[in-house]
Amino acid sequence: MQVMDAEQNDQNVTAHPSPPPPPPQTLSKSAQKRQLKQQRMEAKKAERRAAMKEHKKKEGDRKRKEWEEMLASVDEEERLKLIESRKGLRKERMEKRSEEKGKKTQRLTNAKEHGQNIVVDLDFSDLMTPNEINSLAQQSHLFFEHFNSKSSPSRIRR
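The sections below set out a description of the structure shown in this document. Source: prediction; values computed, not measured.

1. Some words on the overall build of the chain
Now for step 1: The helix and strand inventory of the chain stands at 4 helices and 2 strands.
Now for step 2: Put simply, the chain runs from its N terminus to its C terminus through helices and strands in the order α-α-α-β-α-β.
Now for step 3: Across the chain, the fraction of contacts at a sequence separation of at least 24, relative to all contacts at a separation of at least 6, is 56%.
Now for step 4: Accessible surface, the chain: about 14,800 Å² in total, of which carbon and sulfur atoms supply 53%.

Written as structure tokens, this is what we have:
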């Protein structure tokens, strides 16, 4: 008896589905246009990233193939010389990069301790449109890069 009641309840539930969700709030025409533009921009951005990734992969494969062909075309002694010279160049690049990073860290540490203070107030983004926020982000990025690349950078506070 209880099994039959449970089956009937299951049938009643499937026969009477829950009410559909309320329709989403309709956006104004300009808001819809903004939303579509944003979606198109995001789609293009994804396509560009995929294309760039594919290009990098192809370029890496091409360089690797050239290197392997060059190694295959020379005798053993020349091959060892080429490999050693390539390792030496890589080591020099890494040392130079490490040295530059150390100098930059020292410069920024010095600026933090002794540099002139610059304060940037960014506490008004809630009053800005998305385009204005993007513009502000680009300007801030350029601002920070400009001051960090100077020989005597300033201390920037947000």
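2. Examining a positive patch on the surface
Now for step 1: Among the surface-exposed residues, K37, R40, K44, K45, R48 and R49 lie close enough to one another that they form a single positively charged patch.
Now for step 2: On the basis of relative accessibility, which here comes to 54%, the residue R48 falls in the exposed class.

3. Let's talk about the pattern of salt bridges
Now for step 1: Throughout the structure, instances matching the rule amount to 6 salt bridges.
Now for step 2: Residues R62 and E59 are paired through a salt bridge, measuring 2.3 Å at the closest nitrogen-oxygen approach. Here E59 and R62 lie together in helix α2 (residues 29–73), a separation of 3 residues that amounts to about one turn.
Now for step 3: A relative accessible area of 38% places R62 in the partly exposed class.
Now for step 4: Here E66 ties to R62 by a salt bridge, and the two come within 2.5 Å at their closest N and O atoms. Taken together, the residues E66 and R62, both in helix α2 and 4 residues apart, mark about one turn of the helix.
Now for step 5: Judged by relative accessible area, E66 falls into the partly exposed class, the value being 42%.

Rules used throughout
Residues numbered from 1 in each chain as written. Predicted model: local features only at pLDDT ≥ 70, side-chain atom pairs only at ≥ 80, totals over all residues. Heavy atoms only, no water. Helix = DSSP H or I, 4+ residues; strand = E, 2+ residues; numbered from the N terminus. Contact = heavy atoms within 4.5 Å. Areas by Shrake-Rupley, 256 points an atom, 1.4 Å probe, with all protein chains shown as cover. Patch = residues over 30% accessible without salt bridge, like charges linked within 9 Å, V, L, I, M, F, W, Y side chains within 5 Å. Salt bridge = Lys/Arg side-chain N within 4 Å of Asp/Glu carboxyl O. Lys, Arg positive; Asp, Glu negative; His and termini not counted. Charge placed at Lys NZ, Arg CZ, Asp CG, Glu CD. Buried < 20%, exposed > 50% of the residue type's maximum accessible area, 1.4 Å probe, protein only.

Treat this as a map of the structure, not an account of what it does.
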